[in-house]
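A look at the structure
Chain by chain, the residues run as shown.
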Amino acid sequence: MSQPNHNTTTTSSSSSIRRRSSSATASSPQTTASSTTTAGAGGGGGHFPAMKKPRSSQPLPCSIDNNKNGFHHLEDNDSEDLTGNNETTTTTTTSVAGFTANLSRKKATPPQPPKKLVIKLLKAKPTLPKNFEENTWAILKSAISAIFLKQPDPCDLEKLYQAVNDLCLHKLGASLYQRIERECEAHVSAVLQSLAGQSEDLVVFLSLVEKTWQDFCDQMLMIRGIALYLDRTFVKQTQNVRSLWDMGLQLFRKHLSLASEVEHKTVFALLKMIESERLGESIDRTLLNHLLKMFTALGIYSESFEKPFLECTSEFYAAEGVKYMQQSDVPDYLKHVEVRLQEEHDRCVIYLDAVTRKPLGFVMLMDGNRIQDLRRMYVLFCRVNALESLRQALSLYIRKTGQGIVQDEEKDKDMVSSLLEFKSSLDRIWEDSFSKNDAFSNTIKDAFEHLINLRQNRPAELIAKFVDEKLRAGNKGTSEEELEGTLDKVLVLFRFIQGKDVFEAFYKKDLAKRLLLGKSASIDAEKSMISKLKTECGSQFTNKLEGMFKDIELSKEINESFRQSSQARSKLPSGIELSVHVLTTGYWPTYPPMDVRLPHELNVYQDIFKEFYLSKYSGRRLMWQNSLGHCVLKAEFPKGRKELAVSLFQTVVLMLFNDANKLSFQDIRDATSIEDKELRRTLQSLACGKVRVLQKIPKGREVDDTDSFTFNDGFTAPLYRIKVNAIQLKETVEENTSTTERVFQDRQYQVDAAIVRIMKTRKVLSHTLLITELFEQLKFPIKPSDLKKRIESLIDREYLERDKNNPQIYNYLA
């Protein structure tokens, strides 16, 4: 489709199969192992004689005794200590001038090479003492039992801590962890079961629960202190193993749920205490605070307490509201509402969890779609001129709730439908609760525009795909009126998109598939959508889309004229029919050319059509787009005749088996000249999918170079016409990426054109003013850094130049 005038596709099916890889190459990193050898029994360190550092050689010291008129020599062992070496010393007696002296003289010896230190491994691996683990655990178990029973333990904490260390060092951490867990679970189970059937006084019962929880926390802290080394080694090094503290919480949560009477009675008592406080009675708020913190620590606050609490709150104030409206006038009612709101705020601060504050107010009403309650709130705020705070709360709610819809990549498939439901709910609240206030309408629009552009291009792409899904054939049970209504709602989301060119690119690609494959649910609906987009964005936005429809209609006329021509009647091969779409290059998406060696019959047909077309439209060039072709083959199987709806590539492969029973992968590649990746996908769809017209030898999901293929004589199917290429119609990641890249490339051209257009008008402009004008003219989001790159590019290409005196000012070069 790279030619300037017209391209030709051989009929209308684009099919691609997503090849799944079932083999993986595992690479193992090389590991350098270093071992340290320690000599000594029992795994301890070995002891070796201290080695003295040799001293430099010195003369032998001596002293003169004047009283005895002679020399006193040092003893040999003293001399050896002073010299500090192993040299041999000889002592000679010499007579000097009537004096006799003992002289010591060293005898030099050659230096000896240093001795090497050799550490020999023990022949036998050290073994643990008999019953080491059991004896050590007995000590620890006694201490844990003493902690739970609140009794003193004769063993000091240092020995207990060392016992845990010893077990961990000898790779017994897993067993120790399980033993501690069993001891804790036995205690927790017993103590929670003992609470069942306790005092009927709810306050006394709550005090017992609070005491049990506080004791358990203190006990787990003590156990964790003793087994701290276990937490820091075994737990950290092992996946999916909780710390001792978290393990204790999980056990408490588990057995509290098993002791359902205790849990339900606790929640009921808490709600009764709060109701008593609302009725003016004094309660123990500290007790409430501790127990609700227990629910939060156990991770059951929202489900076990908050949900029934909100229901009771709603029932309480609904009844009280009816009562006060009947008994009080408006000023007294408003004063009472103000007091109640302050009381509930105090509860949130003093003993409720912080997350409950929002459900008690505006967010709870919005989530519950409480139209009447929101209406009352709106009227009350309107009376005291406080609508601005309500409007800000609405904006914050939309942004936070919508962010959860847009940012969750795992729910991309449902993003558009969720946004439509959310917008519909807001519109109803705006109409019925907020009296169609224009300020609130603008708030909804601004908040939606913010959240729908949180992810730069993805929402635009998903909206285009949503429209494709609705306009594609197969939407059973949807009337034309319902389809039209859905398109109108989608158009509202489309208005909020900043990067409308991304929507256009994906919409055009999907529209091309629907038109070429004949998959549109309704041509009237297609044209209606084009008309809506034209009204919204202008004719320039829809010019190419309208051109695609013109090509389809013109192609029908060309095919009809071709069938009635003399060439068709006299030259066409029998037993084959061909329908050709002639597409204008500029209107349609760009398709990469893919070569294929067609069967003789198709080549003849193409040549005859080309001769006819060029005789009618001289000066034009046709390029066949093989990747878009699709065919219907009549196949004779031993179990009956079938019609196979397949792509052109699949057709070329299947027709090879008219002349051969078995073909290797290399044979098929040589005969068809299909690109390697596309050929593998084609063979995979024919031999490895649900409809296996061919058989692969050996069996498997992947197509390898050494595989062979045979015609499946045993093929059978309940339907007469079978679609084989359905898998290939799915969009590939490569298609998505290429579409996005084309959008970015087009944006660069638009930025360059806008810069030149502005500078041609202004001649001289500062950098700041140029950036400002570009933001006003461009219809898609772009970063200032990207604009700067385009400006630099135009300077390099000599469209602009910097002012010599001020580099922040640009001059236009005519």
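The preceding data block contains the structure.
These numbers were taken from a predicted model, which means no experiment stands behind them.

As enumerated under the stated definition, the model contains 41 salt bridges in all. For Glu133, the salt bridge identified is with Arg179, shortest N-O distance 3.8 Å. With Glu133 in helix α2 (residues 132-149) and Arg179 in helix α4 (residues 173-195), this residue pair connects regions lying 46 residues apart in the sequence. Residue Glu133 is classed as partly exposed on the basis of its relative accessible area of 23%. With a closest N to O distance of 2.9 Å, Asp752 and Arg790 form a salt bridge. With a gap of 38 residues between them, Asp752 in helix α27 (residues 733-762) and Arg790 in helix α29 (residues 784-796) connect regions that are remote in the sequence. Both residues of the pair, Asp752 and Arg790, belong to the buried class.

The next subject is the packing of aromatic side chains. For the structure shown, the criterion picks out 27 aromatic pairs. Consider the rings of Tyr378 and Phe440, whose centres lie 5.8 Å apart with planes at 75°: the pair is edge-to-face. You can see Tyr378 sitting in helix α13 (residues 371-383) and its partner Phe440 sitting in helix α16 (residues 438-452), a full 62 residues away along the chain. Take Tyr378: its relative accessible area is 8%, and that puts it in the buried class. Looking at Phe440, the relative accessible area reads 1%, which means it is buried. For the pair Phe434 and Phe440, a centre-to-centre distance of 4.8 Å together with 40° between the ring planes defines the contact as tilted. An aromatic cluster is present here, built from Phe562, Tyr605, Phe609, Phe612, Tyr613, Tyr617 and Trp624 joined pairwise through their rings. Across the ring face of Phe316, the terminal group of Arg278 is positioned such that the distance to the ring centre comes to 5.6 Å.

It is worth spelling out the side chain of Thr542 at this point. Mapping Thr542 onto the fold places it in helix α21 (residues 539-563). If sequence neighbours within four positions are ignored, Thr542 has contacts with Ile530, Leu533 and Lys534.

With that settled, consider the sheet that holds strand β8 (residues 630-637). Pairing between sheet strands relies on hydrogen bonds along the backbone, with the strands arranged either parallel or antiparallel. The three strands are arranged β8-β9-β13 in an open sheet whose pairing can be described as mixed. Each having just a single partner strand, β8 and β13 (721-723) make up the two edges of the open sheet. Strand-to-strand, the axes of this sheet are offset by a mean angle of 30°, without reference to chain direction. Relative to strand β9 (residues 640-647), β8 runs antiparallel, the two being bridged by eight bridges. Paired with Glu636 across the bridge in β9 is Arg641. Along the sheet, helix α24 (residues 648-656) makes contact with β8 and β9, crossing β9 at roughly 135°.

Rules behind the numbers
Residues numbered from 1 in each chain as written. Predicted model: local features only at pLDDT ≥ 70, side-chain atom pairs only at ≥ 80, totals over all residues. Heavy atoms only, no water. Salt bridge = Lys/Arg side-chain N within 4 Å of Asp/Glu carboxyl O. Helix = DSSP H or I, 4+ residues; strand = E, 2+ residues; numbered from the N terminus. Buried < 20%, exposed > 50% of the residue type's maximum accessible area, 1.4 Å probe, protein only. Phe/Tyr/Trp six-rings, centres within 6.5 Å; stacked < 30°, edge-to-face > 60°. Lys NZ or Arg CZ within 6 Å of the ring centre and 35° of its normal. Contact = heavy atoms within 4.5 Å. Pairing = 2+ DSSP bridges. Axes fitted to C-alpha atoms, helices over the stretch in contact; angles between N-to-C directions.

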